[in-house]
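The lines below spell out each chain.
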Amino acid sequence: MSASPERCILLIEDNPDDEALTRRAFAKNKITNPVVVAHDGAEALEYLFDDSIHVAGASGLPILTLLDLKLPKIDGLTVLRRLRADPRTELLPVVILTSSGEQQDLVEGYGLGANSYIRKPVDFAQFMEAVRQLGLYWLVLNSPPPSVR
Amino acid sequence: MRQNGQRVGDTQLGSGRALRRMNRAHGTALAILVLLVFAIHATLAGRIAAIRSDARSINEAGLERMRVQRAALLAVRLATPPAADRPALRAALNREAQRIWHAWQTLPALRTGGVRRRGALTAQVRQFVGWSLAVAAPTTGAADASAVRAIIDAAEGPLAVALNQRVLAYQRLADRDNGDLSDLARDQFFLVLGALAALTLLIFVPLSRLTRAEIGKLTDVIAYNRTLFESAPDGIVIIDERGIIESFNPAAEILFGWSAESACGRSVGILMAEPDRSRHGGYLERYLATGERHVIGQLREVTAVKRDNTTIPVEISIGVIDGKRRRFVGIVRDLTARKAAQEALDAVRRRYQDLLISLNVGVFRVVAGASPRFLEVNPAILALFRAPTRAALLARPIDTLFDDKEDWATFSRQWDPRERASNQEVRLRTLDGEVFWALISAVRKDEDGQIFFDGIMEDVSERRKTSRALANLNRDLQKRVVDLDIANKELEAFSYSVSHDLRAPLRSIDGFSQALLEDYADKVDSVGRDYLARVRAASQRMAQLIEDLLQLSRVTRAQLVRKPVDITAMSRDIADALQTGETGRLIEWHIEEGLQVKADPVLIRQVMANLLGNAWKFTSKKADARIDVGRTPAGEGSRFFVRDNGAGFEMTYADRLFGVFQRLHASRDFEGTGIGLAIVQRIVRRHGGDVRAEGAVDAGACFSFTIPDKEDSDVSEP
């Protein structure tokens, strides 16, 4: 069950620095999946609910979605709520990747059906390590749900 | 008491009809008796008259004979010398002759025969009288001898015999009369006997019957009266006209302490107190003299004296028994209990009155109707209305005291029984016209068709002012609470932004510095690499600062949930983590067993982590490092402590330890943001406890705190 190289990773991130650092971390950790970036919540939803993706079949959906919480237009928790409310995306693996360590964000995030919650460390070394493990886990070890497969 | 039955027996009860019946029988019997007596009297009178007449005849017959013989004797003496007394003898003889003739003529005839006929004898008597008169005729010489001879012959001869026979005949007649009389006496005896029998039948039989009935009734009356007398709850004392006690009932014995035996015979004065004791004689005398009833027939309250000279209040009523002798009955009631009750009642009434008078609350009674007015008010009401006198207030119609006509309408509506009287806050006006607020609570009372309102009234102007101020204050407070809430929300949003947005640039700084080092290592020399390393260190330090600040604010905001916490286990956990994180260090841990507290587990872990972390940090340069965790003294309300033998601090700065960003050590000696102890203090204070630091430079430090076991100790930091 190896990850298909075509399957993309959806990164929902408004901060270009973070985007660059995340991409760098992917690259350093030899994660070669294409990375689609949505710069706010609206863009993310637009992408995920775009019919062409679904016409393309399950392969059109990202194998992993990394969701920041603090986003312009539509915030991360709302995006998650919408995803979970739609039968097409309700099982989509979503990992919250955020700066916030707030208790309420953790509780709400898991409550809405996040698969994982990772706090972005300031220390880039630590960040690298986090992304490495993330990729290993979600792209290699984890079996995605059938609809996403 | 013994004489008493007889005394009350004088009363006539129910014997009138029997007496009338008895009187009728009595009358009949008397009439018969009277008739009988008349009959006897009539019979006897006839007989006795006859017998008396016979007796006179017998007497006269005897006397006639004597006179004849006397005349004969006188004639003889005349015939013989001496002659000197002849004239006297002649006079005597003459007188005698006259008498004989007179007596013969008046002599009654005999009723029965057997005696010689009167006619023949009359001739003889006339002859004899003639002779006697002849002899008695006055002469100087001697009497006619022949005449004398004839007199003597007649007196001893046939005349005497005839007269004797006549006397004898009369005597026989008298004997017969005697027999008749004894017969009569016998008849009368039987007659009287019969009358007596009749009397017995007619009078005594009904009389005795009547008497028996009367006695039965009287016995009842006596028993009745005796029972009344003896079982009466009131004392009964009966005295005679001189005021001497005759009877004394058991209740009186108890009342006065005198036994009946010792009281009877004494003056009633022994039972009286002055001045009644001395006046009593006067009352009696006046009553007896004038019949004026001063004390009789009315109830009087007086003071009585008991045998032991104590006095008791009594009520007496005096009656008069008008029997054969007059007596007075005194009925005496002990008023001690009633007086005591009355006094108790008076005391209660006085107390209530005092209460009403001294009460600071106005108490009133209002009479409803066409012109409603105050009926009763206490002084507090007068003060409330500033009334100069009670009359001034009572004269005012109540509706004019109401400032607001609406209030008045509401108040007077309660006169309708369907409306419930209740509390009402109204605007009233004092008599001098000043308006004030009053709270009236009244209850409706219906008595004898009148409607009253009893209630209380208080001046609440001041209270209203206060409560209005209080309401304003409350409103302000509520506004401030809202403001505070908003501020808190803003703070939260701020914290969130800080947590999220401040960290992102730091990550960029750190990340791109690292990228620079990795990707352009050949273009940066050692000094450049050092600078980049410093940039990274600074950004990470800032991230830590942000982290700690967020923690501090979280501690303040987080909800406190108390649960039993095992500090011993928690400390071991933290110690293990520290040991694992820095394996090279050798530290002697002394963690006391059984350290339990009721606190928020998350927050208390923060406290222990910070304190143990500090101890760990400041013992890092010590060769024989030692950290103690314990409690002193053991038991509740004690202090938990974390002691180390590390770098310590100067006690002068102990207070500054708990301030935010306060550090006593240079960063190059010991790392740290200076927020950890501030967090510890906040958590401990939120649990209602306090935290203390003791130490000396290079002699270690000891941090201790208390966690009071109270639910209401969640005191937020100002």
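See the structure shown above.
What you see is a predicted model, and the numbers here were worked out from it, not measured in a lab.

Reading the values: the criteria
Each chain has its residues counted from 1, following the order in which its sequence is written. Chains and ligands are labelled by the order in which they are written, letters from A for the one and numbers from 1 for the other. Predicted model: local features are reported for residues with pLDDT of at least 70 only, side-chain atom pairs are reported and counted for 80 or more only, and whole-chain, interface and lining totals are derived from all residues. Only heavy atoms go into the side-chain values, all of them from the structure, while hydrogens and water stay out. Nonpolar core, defined: a set of buried Ala, Val, Leu, Ile, Met, Phe, Trp, Tyr and Cys residues in which side-chain atoms within 4.5 Å join the residues together. Residue exposure (1.4 Å probe, protein chains only): buried if accessible area is under 20% of the type maximum, exposed if over 50%, otherwise partly exposed. Secondary structure follows DSSP: runs of H or I at least 4 residues long count as helices, runs of E at least 2 residues long count as strands, and numbering of each begins at the N terminus. By definition in these notes, contact holds between two residues if any of their heavy atoms fall within 4.5 Å. A pair of strands is labelled paired if DSSP reports no fewer than 2 bridges between them. All axes are obtained by fitting lines to C-alpha atoms, using only the stretch in contact for helices, and the reported angles, taken between N-to-C directions, cover 0 to 180 degrees. In this scheme Phe, Tyr and Trp rings, the latter by its six-membered ring, pair at centre separations within 6.5 Å, and the angle between planes marks the pair as stacked below 30 degrees, edge-to-face above 60, and tilted otherwise. We call a charge positioned over a ring when the NZ of a Lys or the CZ of an Arg lies within 6 Å of the ring centre and within 35 degrees of the ring normal. Summed over both partners, the accessible area (1.4 Å probe) lost when two parts come together is defined as the buried area. Salt bridges, as used here, are contacts in which a Lys or Arg side-chain nitrogen is within 4 Å of a carboxyl oxygen on Asp or Glu. Grouping into patches uses exposed residues only, defined as over 30% relative accessible area, and leaves out salt-bridged ones; the cut-off is 9 Å for like charges and 5 Å for nonpolar side chains (Val, Leu, Ile, Met, Phe, Trp, Tyr). All accessible areas in this document rest on Shrake-Rupley with a 1.4 Å probe, and a residue is counted as covered only by the protein chains that are shown. A clockwise turn of the near helix away from the far one marks a right-handed crossing, whereas an anticlockwise turn of less than a right angle marks a left-handed crossing. In the scheme used here, Gly and all other residues not listed as nonpolar or charged are polar, with Ala, Val, Leu, Ile, Met, Phe, Trp, Tyr, Cys and Pro taken as nonpolar and Asp, Glu, Lys and Arg as charged. Comment: arc refers to directions from the helix axis out to C-beta atoms.

### With respect to the nonpolar core
Residues and elements named next belong to chain B.
Part 1: Judged by nonpolar contacts, the single largest core of 45 residues is most densely connected at Trp589, Met608, Leu611, Leu612, Val642, Phe703 and Phe705.
Part 2: Ranked by residues supplied to this core, first place goes to helix α17 (residues 601–618) with eight residues.
Part 3: Among all residues touching Phe705, those that are not within four sequence positions of it are Val607, Met608, Leu611, Ser638, Arg639, Phe640, Val684, Asp690 and Val691.
Part 4: If you look at the next biggest cluster of nonpolar residues, it comprises 26 residues, including Val68, Leu78, Leu93 and Val135.

### Overview of the sheet that holds strand β8 (residues 423–429) of chain B
Residues and elements named next belong to chain B.
Part 1: Across the sheet, five strands lie side by side as β7-β6-β10-β9-β8; this open sheet has antiparallel pairing. Both edges of this open sheet fall to β7 (373–377) and β8, since each of them pairs with a single strand only. Across the sheet, the axes of successive neighbouring strands diverge by a mean angle of 40°, strand direction being ignored.
Part 2: Where strand β9 (residues 435–447) and strand β10 (residues 450–459) come together, ten bridges link them in antiparallel fashion. Residue pairing across strands places Ala438 opposite Asp459, the latter belonging to β10.
Part 3: Together, β8 and β9 form the strand contacts of helix α13 (residues 405–413), whose direction differs from that of β8 by roughly 135°.

### Quick look at the sheet that holds strand β5 (residues 116–119) of chain A
Residues and elements named next belong to chain A.
Part 1: Overall, parallel pairing links the five strands, which are arranged β2-β1-β3-β4-β5 in an open sheet. If you trace the sheet from one side to the other, it starts and ends with β2 (35–38) and β5, each paired once. On average, each strand axis in the sheet is tilted by 20° relative to the strand beside it, whichever way the strands run.
Part 2: By the bridge criterion, three bridges tie strand β3 (residues 64–67) to strand β4 (residues 94–98) in an arrangement that is parallel. Its bridge partner being in β4, Leu66 is matched across the sheet by Val95.
Part 3: Of the strands in this sheet, β1 (9–12) and β2 are in contact with helix α2 (residues 41–48), which crosses β2 at around 130°.

### Structural notes on the packing of aromatic side chains
For any pair of aromatic rings, the description rests on two quantities: the centre-to-centre distance and the angle between the ring planes.
Residue and element names in this part refer to chain B.
Part 1: Under the defined criterion, the tally for this structure stands at 16 aromatic pairs over all chains.
Part 2: Summarising the aromatic geometry, the rings of Phe248 and Phe256 are spaced 6.0 Å apart at their centres and angled 40° between planes, so their arrangement reads as tilted.
Part 3: Taking the relative accessible area as the measure of exposure, Phe256 reaches 2% and is therefore buried.
Part 4: Judged by centre distance (5.7 Å) and plane angle (75°), the ring pair of Phe385 and Phe436 falls under edge-to-face. In this pair, Phe385 sits in helix α11 (residues 379–385) while Phe436 sits in strand β9, placing the two residues 51 residues apart along the sequence.
Part 5: Its relative accessible area of 1% is what places Phe385 among the buried residues.
Part 6: When its relative accessible area of 6% is taken as the criterion, Phe436 is described as buried.
Part 7: Residue placement shows Arg585 over the ring face of Trp616; its charged tip is 4.2 Å from the ring centre.

### Re the pairing of strand β3 (residues 299–305) of chain B
Residues and elements named next belong to chain B.
Part 1: Inspection of the sheet shows β3 paired to strand β4 (residues 311–322) by seven bridges, in the antiparallel sense. Bridge pairing links Arg300 to Ile316 in β4.
Part 2: Where β3 folds back on β4, the antiparallel hairpin that results is connected by five residues, among which Asn309 adopts a positive phi of roughly 70°.

### Some remarks on the interface of chain A and chain B
Part 1: On the chain B side, the residues contacting the 25 residues of chain A number 26 residues.
Part 2: Both sides together, the interface formed by chain A and chain B hides about 2,100 Å², and carbon and sulfur atoms give 48% of it.
Part 3: When the buried area of chain A at its contact with chain B is split by residue, Lys70(A), Glu102(A) and Val122(A) rank highest and sum to 32% of it.
Part 4: Summed over the shared surface of chain A and chain B, the number is six salt bridges.
Part 5: Taking the shortest distance from any N to any O, the salt bridge between Asp18(A) and Arg507(B) comes out at 2.9 Å.

### Description of a nonpolar patch on the surface
Part 1: A cluster of nonpolar side chains, Phe189(B), Phe190(B), Val192(B), Leu193(B) and Leu196(B), forms an exposed patch at the surface whose accessible area comes to about 490 Å².
Part 2: Inspection of the secondary structure puts Phe190(B) in helix α6 (residues 158–231).

### Topic: the packing of α17(B) against helix α18 (residues 676–686) of chain B
Residues and elements named next belong to chain B.
Part 1: Where α17 meets α18, the closest approach of the two axes is 9 Å, and the angle between their N-to-C directions is 145°. Helix-helix and strand crossings are classified by hand; for α17 and α18 the assignment is left-handed. Contacts between α17 and α18 involve Leu603, Gln606, Val607, Asn610, Leu611 and Asn614 on the former and, on the latter, Gly676, Leu677, Ile679, Val680 and Ile683.
Part 2: Across the contact of α17 with α18, the residue classes tally to seven nonpolar, four polar and no charged.

### Notes on the environment of Gln298(B)
All names here are of chain B.
Part 1: The residue Gln298 is located in the loop between α9 (276–290) and β3 in this model.
Part 2: Here Gln298 falls in the partly exposed class, since its relative accessible area comes to 38%.
Part 3: Taking the C-alpha atoms as reference, Gln298 lies 8.9 Å from Gly319; in sequence the two are 21 residues apart.
Part 4: Contact partners of Gln298, with chain neighbours within four places excluded, come to Ile316, Ser317 and Ile318.

### Some words on α13(B)
Spacing of three or four residues puts side chains on the same side of an α-helix, whose turn is 3.6 residues.
Residues and elements named next belong to chain B.
Part 1: When we look at burial in α13, the residues that qualify are Asp407, Trp408, Phe411 and Ser412. Relative to the axis of α13, the buried residues are bounded by an arc of 120° and lie together on one face.
Part 2: On the buried face of α13, the contacting elements are β8 and β9.

### Description of the pattern of salt bridges
Part 1: Using the criterion set out here, one finds 47 salt bridges over all chains in the structure.
Part 2: Across the salt bridge formed by Glu518(B) and Arg24(A), the nearest N and O atoms sit 2.6 Å from each other. Here Arg24(A) lies in helix α1 (residues 16–28) and Glu518(B) lies in helix α14 (residues 461–519), a pairing that spans two chains.
Part 3: Owing to a relative accessible area of 32%, Glu518(B) belongs among the partly exposed residues under this scheme.
Part 4: Using a relative accessible area of 14% as the deciding quantity, one classes Arg24(A) as buried.
Part 5: The residue Arg427(B) makes a salt bridge to Asp403(B) at a minimum N-O spacing of 3.0 Å. A residue pair is termed long-range when its members are at least 10 positions apart, and Arg427(B) in strand β8 and Asp403(B) in the loop between α12 (390–394) and α13 qualify at 24 residues.

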